[in-house]
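A closer look at the structure
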Amino acid sequence: MALINCTECNKEISDKADSCPNCGISFNRKENKVKISKKTKIIAIILSIIIILGGIGSFIGYNIYTENRRIAEEHLRAEEEQRLEEE
Ligand SMILES: [Zn+2]
């Protein structure tokens, strides 16, 4: 349990208090609970990084695959052309 300063009267009160015992202002705790916790945010960020990296990785992998196939096909074609010229 920590002490915080009341937003209204600036007196030290418990951070668990629903209202200030000094000036009686009530704090909307429900609103805070709805907010996404730091942990959840970090997990969401890590997950999105993994998804993005996975997407980039498969994109690069696909490009390398198609590029290699193109080079191989060109090589085969060049060999065939050379063979036809020799005949
Ligand atoms: Zn107060």
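The text that follows walks through the structure, step by step, so that each part is easy to find. Not measured: the values here are computed from a predicted model.

What to know about the overall build of the protein
- Looking only at helices and strands, the protein features 2 helices and 2 strands.
- Each helix (α) and strand (β) of the protein, taken in turn from the N terminus, gives the series β-β-α-α.
- The C-alpha radius of gyration computed for the protein amounts to 33 Å, which surpasses the reference 12 Å derived for 87 residues by more than 25%, pointing to a less compact arrangement than a globule.
- Going through the 87 residues of the protein one by one, you find that 6% of them count as buried.
- Long-range contacts, defined here as pairs at least 24 residues apart, represent 0% of the contacts in the protein between residues at least 6 apart.
- Carbon together with sulfur atoms contributes 59% to the accessible area of the protein, which is approximately 8000 Å² in total.

Concerning a nonpolar patch on the surface
- A cluster of nonpolar side chains, contributed by Ile45, Ile49, Ile52, Leu53, Ile56, Phe59, Ile60 and Ile64, occupies part of the molecular surface with about 790 Å² of accessible area.
- Inspection of the secondary structure assignment puts isoleucine 49 in helix α2 (residues 38-86).

Examining the coordination of the zinc ion
- Distances from the zinc ion to its protein donors, Cys6 (SG), Cys9 (SG), Cys20 (SG) and Cys23 (SG), fall within 2.2 to 2.3 Å.
- Its 4 donor atoms give the zinc ion angles of 106 to 116° at the centre, a pattern that matches the tetrahedral case.
- Between the donor residues of the zinc ion, the gaps in sequence give the motif C-x2-C-x10-C-x2-C. Of this pair, cysteine 6 sits in the loop between β1 (3-5) and β2 (12-14) while cysteine 20 sits in the loop between β2 and α1 (29-34), placing them 14 residues apart in sequence.

The rules behind the values
Residues numbered from 1 in each chain as written. Predicted model: local features only at pLDDT ≥ 70, side-chain atom pairs only at ≥ 80, totals over all residues. Heavy atoms only, no water. Helix = DSSP H or I, 4+ residues; strand = E, 2+ residues; numbered from the N terminus. Rg over C-alpha atoms; globule rule 2.2 N^0.38 Å. Buried < 20%, exposed > 50% of the residue type's maximum accessible area, 1.4 Å probe, protein only. Contact = heavy atoms within 4.5 Å. Areas by Shrake-Rupley, 256 points an atom, 1.4 Å probe, with all protein chains shown as cover. Patch = residues over 30% accessible without salt bridge, like charges linked within 9 Å, V, L, I, M, F, W, Y side chains within 5 Å. Salt bridge = Lys/Arg side-chain N within 4 Å of Asp/Glu carboxyl O. Donors = N, O, S within 2.8 Å, 3.2 Å for Na, K, Ca; no water. Tetrahedral: all angles 85-135°; square planar, octahedral: opposite > 155°, others 65-115°.

Honestly, that's just the spatial picture; any functional story needs more than this.
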